[in-house]
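An overview of the molecular structure
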Amino acid sequence: SQQGEEDPQALSIQEGENATMNCSYKTSINNLQWYRQNSGRGLVHLILIRSNEREKHSGRLRVTLDTSKKSSSLLITASRAADTASYFCATDAISGGYNKLIFGAGTRLAVHP
Amino acid sequence: DAGITQSPRYKITETGRQVTLMCHQTWSHSYMFWYRQDLGHGLRLIYYSAAADITDKGEVPDGYVVSRSKTENFPLTLESATRSQTSVYFCASSRGGGASTDTQYFGPGTRLTVL
C-alpha cells in the first residue's frame, strides 16, 4: 500500500493563480520530499522537509508539514504554464535496514495561459 | 556533466524474451534504484543497491534481476518478459541512504512494451 497519497488527483488552473496539492501518509516519517515530473521525463527533486520542520520555502514553492495530521501541502504561487506537470510526494520508510522513499500516485497540474 | 542516463529510451519486445535495461551515473553516488511507473500506482521500487556488489529487493522484485559490478552501472534484466511488465522504468541514484533518506536523481526513463 502507498505511504503517501496526493490530493487532488488532477488540478486545472489559470496562469497567475495559486496551486495547492496535498499529501497524506500513514506512518511516522523522518522527512518528506516533493518531486515534479514533466510529461515524458524523469522526476526532479523540488524540496525536502524534515519531520521537525513545519514550513519551508523555495522560490515560488511553499511546503508545510503537519506530523500530527500526517499530512503535507505544496503551494505553488503565481503559477506559470511551465509549472504544468505531475507532482509527487515521497515519504521515507525503513525496510531491511534501509530508509527508502515511497512515492504517491501524484497530482497532475495543468496551468492554462 | 552527463548525470544519469538510461538506455534504450524505448523498447518493444515479445513475451518470454530477455531484456536488459541499462543505467549509468557519473556522480559516483553510492545508492542506485530501479522503479517502475504505471498509471494509478505512482512509482514502485523494484530493486536498489547501496554500493557495488550490494543489492536488495524493493516492493515489486519478482521477474527482475539486477547486478552492480561497478559503482556507476546498475542494469535491470527481465529474464522472461511478461505483458504485465509493460511499463516505464526509471533509474535513480543518491549520495546516501540508510538512516537518512537523501535526494534522488532520476534518469529520463525507458518505455518498455511487451507484446
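Before any of the text, the structure's been laid out above.
Quick look at the structure, then. Owing to the predicted nature of the structure, the values given are computational and were not obtained by experimental measurement.

Time to look at the overall build of chain B. When its secondary structure is counted, chain B shows zero helices and eleven strands. In sequence order, the secondary structure elements of chain B are arranged as β-β-β-β-β-β-β-β-β-β-β. Taken over C-alpha atoms, the radius of gyration comes to 13 Å for chain B, in line with the 13 Å a tight globule of 115 residues would show. Here the C-alpha coordinates of chain B stretch approximately 40 × 25 × 25 Å along the principal axes.

Now for the sheet that holds strand β7 (residues 61-66) of chain A. Residue and element names in this part refer to chain A. Spatially, β1-β3-β8-β7-β6 is the arrangement adopted by the five strands of the open sheet, whose pairing is antiparallel. The open sheet has two free edges, formed respectively by β1 (4-7) and β6 (55-58), since each of these has just one partner strand. Between one strand and the next, the sheet's axes are offset by a mean angle of 20°, whatever the strand orientation.

Next up on the list: the environment of arginine 36 of chain A. In this fold, arginine 36 of chain A is placed in strand β4 (residues 31-37). A polar contact is formed between the side chain of arginine 36 of chain A and the side chain of asparagine 38 of chain A, at a distance of 3.2 Å.

Now for the packing of aromatic side chains. According to the stated counting rule, one finds nine aromatic pairs over all chains in the structure shown. Where tyrosine 35 of chain A meets phenylalanine 106 of chain B, the ring centres are 5.8 Å apart and the plane angle is 80°; that geometry is what we call edge-to-face. Separated into two different chains, tyrosine 35 of chain A in strand β4 and phenylalanine 106 of chain B in strand β10 (residues 105-106) make up a pair that spans both. When its relative accessible area of 0% is taken as the criterion, tyrosine 35 of chain A is described as buried. Taking relative accessible area as the criterion, phenylalanine 106 of chain B reaches 10% and is therefore assigned buried. For the ring pair tryptophan 27 of chain B and tyrosine 105 of chain B, a centre distance of 5.2 Å and an interplane angle of 55° mean the geometry is tilted.

We now examine the nonpolar core. Counting 21 residues, the largest nonpolar core has Leu32, Trp34, Leu74, Ile76, Tyr87 and Leu109 of chain A as its most contacted members. Of all elements in the fold, only β3 (19-25), β4, β5 (43-50), β7, β8 (71-76), β9 (85-95) and β11 (107-112) of chain A reach the threshold of two or more residues within this core. Ranked by residue count, the leading element in this core is β3 of chain A, at four residues. Apart from the residues within four sequence positions on either side, tyrosine 87 of chain A is in contact with Glu6, Met21, Tyr35, Arg36, Leu46, Leu74, Ile76, Gly106, Thr107 and Leu109 of chain A. Core analysis: the next-biggest nonpolar cluster, separate from the first, contains 18 residues, Leu21, Cys23, Val66 and Leu78 of chain B among them.

Rules used in this analysis
Residues numbered from 1 in each chain as written. Chains lettered and ligands numbered in written order. Predicted model: local features only at pLDDT ≥ 70, side-chain atom pairs only at ≥ 80, totals over all residues. Heavy atoms only, no water. Helix = DSSP H or I, 4+ residues; strand = E, 2+ residues; numbered from the N terminus. Rg over C-alpha atoms; globule rule 2.2 N^0.38 Å. Pairing = 2+ DSSP bridges. Axes fitted to C-alpha atoms, helices over the stretch in contact; angles between N-to-C directions. Polar contact = N/O pair within 3.5 Å; in protein donor to acceptor, adjacent residues only side chain to side chain. Phe/Tyr/Trp six-rings, centres within 6.5 Å; stacked < 30°, edge-to-face > 60°. Buried < 20%, exposed > 50% of the residue type's maximum accessible area, 1.4 Å probe, protein only. Core = buried A, V, L, I, M, F, W, Y, C linked by side-chain atoms within 4.5 Å. Contact = heavy atoms within 4.5 Å.

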